[in-house]
Amino acid sequence: MDGESIRADLLARRFEEHRPHLRAVGYRMLGSLGDAEDAVQETWLRLSRSDTSGVANLGGWLTTVTGRICLDLLRSRATRREEPLEVGDRPVRLPDPVVSGPHLVDPEQEVLLADSVGIALMVVLDALSPAERLAFVLHDMFAVTFEEIAPILGRTPATTRQLAARARRRVQGAAPAPDSDPARRRQVVDAFLAASRGGDFDALVALLDPEIVARSDGGSLLPGLLRRGAADVASQAIAFARFAESAYPALVNGTPGVVSMADGKPLSVMAFTVRGGRITALDILTDPERLARIDLSPVLAG
């Protein structure tokens, strides 16, 4: 092997060491596992075509390149549905869920989901402007300095700091931190399932926050639905439970969730946000195309 091949092989090895981190950046920026993989692959192509001999911090260089690619994708991303869900006054699409068995997240998923990136938080991130999202994600989640982020946005560090602060306020207001005890959250989710199957409206209402927000994404064939309030969500939960033949506990983005099946196929992936012992947000993916791409074998195996 000649010297050039050795250098190329070493560069590829170093890149692979950073790949899990870059996937995490891409997922938080784009909310799509496939798009995140594409962004990481584009980062590799740019690395392979660049002279990085003077780069002291390859990880930092790769992170900012991935951020720039994701920013371009966010700016050019076309609306994927005719009737998108709404958060505030901005259309959003439920992000891809990261689904695993009820008790175990594999090592790659642990990196992907560090900082408890729940579905509700991802929905709020999707409602930010591309510049706000980049500033918040890179600084607050990956500790990239504003001086490093500013050139990506074409802004000053001070303006970039303001973008991150504005995004942080929106995130904290719309997606407050959930309860920290996973066992307690699982108890609440299990009680929700039992009440739904039993058609116990009063028990469901008692489990739901009065201001609960429920979002469902059925893909191109079914328009997104947004419901608010415990009574409305409880009624829909009872109606939906009739369609599911079986429900399996799962971890959805690292927190207790449920996978429902019908006719041997996934009917939904449900993500719950539990705060103060009550369910404050319920996010339901029912898009058959996206469900078919999720590996549910660890969930169904119990």
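The model shown is predicted, which means the values in this text are computed figures rather than measured ones.

Participant: Sorry if this is basic, but what is going on with the pairing of strand β6 (residues 246–252) here?
Facilitator: If a strand is regular, its side chains alternate between the two faces of the sheet. In the sheet, strand β3 (residues 99–100) pairs with β6 via two bridges, with the strands oriented antiparallel. Across the sheet, residue S100 finds its bridge partner in β6, namely L251. Once β6 ends, the chain turns through two residues before running back antiparallel as strand β7 (residues 255–262), passing N253 with a positive phi of about 55°.

Participant: Explain the sheet that holds strand β4 (residues 208–217) here, please?
Facilitator: Strands pair in a sheet through their backbones, by hydrogen bonds, and they do so in one of two ways: parallel or antiparallel. One open sheet accounts for seven strands, arranged β3-β6-β7-β8-β9-β4-β5; its pairing is mixed. This sheet does not close on itself; its edge strands, each paired only once, are β3 and β5 (225–228). As paired elements, β4 and β5 share four bridges and run antiparallel to each other. For S216, the partnering residue across the bridge sits in β5 and is L225. Sheet strands touched by helix α5 (residues 119–126): β4, β6, β8 (265–275) and β9 (278–285). Its angle to β9, the strand with the most contacts, is close to 70°. Packing of helix α11 (residues 230–241) onto the sheet brings it into contact with β4, β5, β7, β8 and β9, and relative to β4 it is tilted by some 50°.

Participant: Looking at this model, I keep getting lost on the confidence of the model for the protein. Mind explaining?
Facilitator: Low pLDDT marks regions whose predicted coordinates should not be analysed in detail. For the protein, mean pLDDT is 86; residues scoring 70 or higher make up 88% of the total. When the criterion is pLDDT under 50, residues 78–84 qualifies, and its contacts beyond four places in sequence or with other chains add up to 13 contacts. Contacts for the low-pLDDT stretch residues 87–92, under 50 throughout, to residues beyond four places or in other chains number 18 contacts.

Participant: Could you clarify how one ought to interpret the packing of aromatic side chains in this entry?
Facilitator: Note on aromatic pairs: each is described by the distance of the centres and the angle between the planes. Enumeration over the complete set of coordinates arrives at two aromatic pairs. With a centroid separation of 5.3 Å and an interplanar angle of 50°, the aromatic rings of F15 and W44 are classed as tilted. Here W44 lies in helix α2 (residues 33–48) and F15 lies in helix α1 (residues 3–30), a separation of 29 residues in the sequence. For the ring pair F192 and F272, a centre distance of 5.2 Å and an interplane angle of 70° mean the geometry is edge-to-face. Of the two residues, F192 is situated in helix α9 (residues 182–198) and F272 in strand β8; the sequence distance between them amounts to 80 residues. Here F272 falls in the buried class, since its relative accessible area comes to 5%.

Participant: Please explain the environment of L153 as it appears in this structure.
Facilitator: Turning to its location among the elements, L153 is positioned in helix α7 (residues 146–153). Residues L153 and L71, spaced 82 residues apart in sequence, show a C-alpha to C-alpha distance of 8.5 Å. The contact partners of L153, leaving out residues within four places of it in the chain, are L71, R75, A131, L134, A135, T160 and L163.

Participant: What exactly am I supposed to notice about the nonpolar core here?
Facilitator: Residues M29, V99, L125, L134, L153 and V259 are the most contacted members of the largest nonpolar core, which totals 52 residues. Element by element, the count of residues in this core is highest for helix α6 (residues 130–141), at seven residues. Dropping the residues within four chain positions of it, L125 is found in contact with R28, R133, F136, V137, M141 and V171.

Quick notes on the rules
Residues numbered from 1 in each chain as written. Predicted model: local features only at pLDDT ≥ 70, side-chain atom pairs only at ≥ 80, totals over all residues. Heavy atoms only, no water. Pairing = 2+ DSSP bridges. Helix = DSSP H or I, 4+ residues; strand = E, 2+ residues; numbered from the N terminus. Contact = heavy atoms within 4.5 Å. Axes fitted to C-alpha atoms, helices over the stretch in contact; angles between N-to-C directions. pLDDT = per-residue confidence, 0-100. Phe/Tyr/Trp six-rings, centres within 6.5 Å; stacked < 30°, edge-to-face > 60°. Buried < 20%, exposed > 50% of the residue type's maximum accessible area, 1.4 Å probe, protein only. Core = buried A, V, L, I, M, F, W, Y, C linked by side-chain atoms within 4.5 Å.

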